[in-house]
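Report on the structure
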Amino acid sequence: MLISVIAADITTLAVDAIVNAANEALLGGGGVDGAIHRAAGPALLAACRALPQVAPGVRCPTGEARITPGFALPAPWVIHTVGPVWRGGAHGEATLLENCHRNAVQLARERGLRRIAFPAISCGVYGYPAPLAATVAVRTLREALSRDPALELTLCCYSEPMRAVFQAALTSP
Ligand code: AR6
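Let me begin by describing the structure that accompanies this report. All figures in this text were calculated on a predicted structure; none of them were measured in a lab.

Cut-offs and rules
Sequence order as written defines residue numbering, which begins from 1 separately in each chain. In keeping with the model being predicted, local features are shown solely for residues with a pLDDT of at least 70 and side-chain atom pairs are shown and tallied solely at 80 or more, while totals for entire chains, interfaces and linings include all residues. Side-chain metrics in this entry use all non-hydrogen atoms of the structure; hydrogen atoms and water are not considered. Proximity is defined per residue: if any heavy atom of the residue lies within 4 Å of a molecule or strand, that residue is considered near it. Definition of a polar contact: a pair of N or O atoms within 3.5 Å, with one able to donate and the other able to accept a hydrogen when the atoms are protein atoms, and with sequence-neighbouring residues admitted only if both atoms are side-chain atoms. Following the grouping adopted for this structure description, the nonpolar residues are Ala, Val, Leu, Ile, Met, Phe, Trp, Tyr, Cys and Pro, the charged ones are Asp, Glu, Lys and Arg, and the polar ones are all others, Gly among them. Orientation is described by lines fitted to C-alpha atoms, with helices fitted over the stretch in contact, and by angles between N-to-C directions that extend from 0 to 180 degrees. Under the DSSP-based scheme used, a helix requires at least four consecutive residues in state H or I and a strand at least two consecutive residues in state E, with every element numbered from the N terminus. Relative orientations are named as follows: roughly parallel for angles under 35 degrees, roughly antiparallel for angles over 145 degrees, roughly perpendicular for angles from 65 to 115 degrees, and oblique for any other angle. Contact definition: two residues touch when any of their heavy atoms are within 4.5 Å. Note on pairing: DSSP must find at least two bridges between two strands before they are called paired. The classification of residues rests on relative accessible area computed with a 1.4 Å probe and restricted to protein chains. Under 20% of the type maximum is buried, over 50% is exposed, and intermediate values are partly exposed. The term nonpolar core refers to a set of buried residues drawn from Ala, Val, Leu, Ile, Met, Phe, Trp, Tyr and Cys, joined through side-chain atoms within 4.5 Å. Note on aromatic pairs: the rings of Phe, Tyr and Trp (six-membered ring only in Trp) are paired at centre separations within 6.5 Å, and the planes decide the class, stacked below 30 degrees, edge-to-face beyond 60, tilted for the rest. Charge over a ring is defined by NZ of Lys or CZ of Arg lying within 6 Å of the ring centre and within 35 degrees of the ring normal.

1. Focus: the site of the ligand
- If you check the shell around the ligand, you find 22 residues, and the closest are Asn23, Gly30, Val32, Asp33 and Gly124.
- Contacts to the ligand include valine 32, whose backbone N or O atom sits 2.8 Å from an oxygen atom.
- Aspartate 33 is positioned such that a nitrogen or oxygen atom in its side chain is 2.7 Å from an oxygen atom of the ligand.
- Broken down by class, the residue content of the shell around the ligand amounts to 13 nonpolar, seven polar and two charged.

What follows is the structure in structure tokens.
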């Protein structure tokens, strides 16, 4: 089963696609989004800006995914997705987070990309409790792998404590 959990800066990974935990505007931000835009260079912002708005200011609704080149990144592609803001758990957060992972994998597969790295989507500013997010991420990626065993999926955490949380979700039955 090819799911790995690592602690690393996702912008350094030479996989086929890295996933960005963006916001609906897709015009950059803080956290991993800021790091990806800095490492990719200004062409990434231009590519995001060129994506169509599906509503005023919205290029990617929560739970959906969009793809751009990676420009100066070692990864040739960036799959932007928008995680849910945690609002206590009774507002469809788990389904939306599941959609992020599923739609990102689907977009990658449509492009023939197999090696995909995910950050801990929603686990920063968006406040999703990490153990719950890890459970959703691992479950959804396992389902994707069962449909396409050629996928190589990495959960790229930014800190060792976060890596331990995601590793625990991967290890639990
Ligand atoms: N590599 C891997 N993980 C990282 C990196 C990195 N370089 N930098 C941060 N993380 P967040 P969210 C981790 O807040 O909660 C942005 O402003 C971080 O430690 O980046 O989905 C967007 O524009 C945390 O564990 O994303 C949105 O407005 C995880 O990535 C909003 O934040 C996610 O934290 C999205 O919030």
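2. Details of the packing of helix α1 (residues 31–40) against helix α2 (residues 42–49)
- Contact geometry for α1 and α2: axes closest at 5 Å, N-to-C directions at 115°. The angle between α1 and α2 places the two elements in the roughly perpendicular class. Mapping the contact onto sequence places Ile36, His37 and Ala40 in α1 and Leu44, Leu45 and Cys48 in α2.
- When grouped by side-chain class, the residues that make up the contact of α1 with α2 number five nonpolar, one polar and no charged.

3. Some remarks on the sheet that holds strand β3 (residues 65–69)
- With respect to topology, six strands assemble into an open sheet ordered β1-β6-β5-β2-β4-β3, the strand pairing being mixed. Edge positions in the open sheet fall to β1 (3–7) and β3, since each of these has one partner strand only. Between one strand axis and the next, the sheet turns through 25° on average, direction left out of account.
- Where strand β2 (residues 17–21) and strand β4 (residues 77–81) come together, five bridges link them in parallel fashion. Along β4, the bridge assignment pairs isoleucine 18 with valine 78.
- Along the sheet, helix α4 (residues 130–147) contacts β1, β5 (115–118) and β6 (152–157); its crossing angle with β6, the most-contacted strand, is approximately 165°.
- Its contacts with the sheet put helix α5 (residues 160–171) on β1 and β6, and the angle it makes with β1 is roughly 165°.

4. Description of the pairing of β3
- In terms of residue burial, β3 counts as a mostly covered element, since four of its five residues are buried.
- The pairing of β3 with β4 spans five bridges and is classified as antiparallel. Across the sheet, residue threonine 68 finds its bridge partner in β4, namely valine 78.

5. Observations concerning the side chain of asparagine 20
- With respect to the helices and strands, the residue asparagine 20 is situated in strand β2.
- Looking at asparagine 20, the relative accessible area reads 0%, which means it is buried.
- Setting aside chain neighbours within four positions, we find asparagine 20 in contact with Val32, Asp33, Ile36, His37, Val78, Ile79, His80 and Thr81.

6. Digging into the nonpolar core
- In this structure, Ile79, Ile116, Phe118, Leu153, Leu155 and Phe166 are the most contacted members of the largest nonpolar core, which totals 36 residues.
- The set of elements that each furnish at least two residues to this core consists of β1, β2, β3, α3 (93–110), β5, α4, β6 and α5.
- Apart from residues lying up to four places away in sequence, isoleucine 79 is in contact with Ala17, Ile18, Val19, Asn20, Ala65, Arg66, Ile67, Ala104, Leu107 and Ala108.
- If you look at the next biggest cluster of nonpolar residues, it comprises 18 residues, including Ile10, Ile36, Cys60 and Cys156.

7. Describing the packing of aromatic side chains
- Under the definition given, this model contains one aromatic pair.
- Centre to centre, the rings of tryptophan 86 and tyrosine 128 are 4.7 Å apart; their planes meet at 55°, and the pair counts as tilted. Here tryptophan 86, found in the loop between β4 and α3, pairs with tyrosine 128, found in the loop between β5 and α4; they are 42 residues apart in sequence, far enough to count as distant.
- Overall, the relative accessible area of 4% leaves tyrosine 128 in the buried class.
- Over the ring of tryptophan 77 we find arginine 111; its NZ or CZ atom is 5.4 Å from the centre of that ring.

8. Examining the side chain of serine 122
- Residue position: serine 122 is located in the loop between β5 and α4.
- Sequence-distant contacts of serine 122, defined by excluding residues within four places in its chain, comprise Gly83, Pro84, Leu97, Gly127 and Tyr128.

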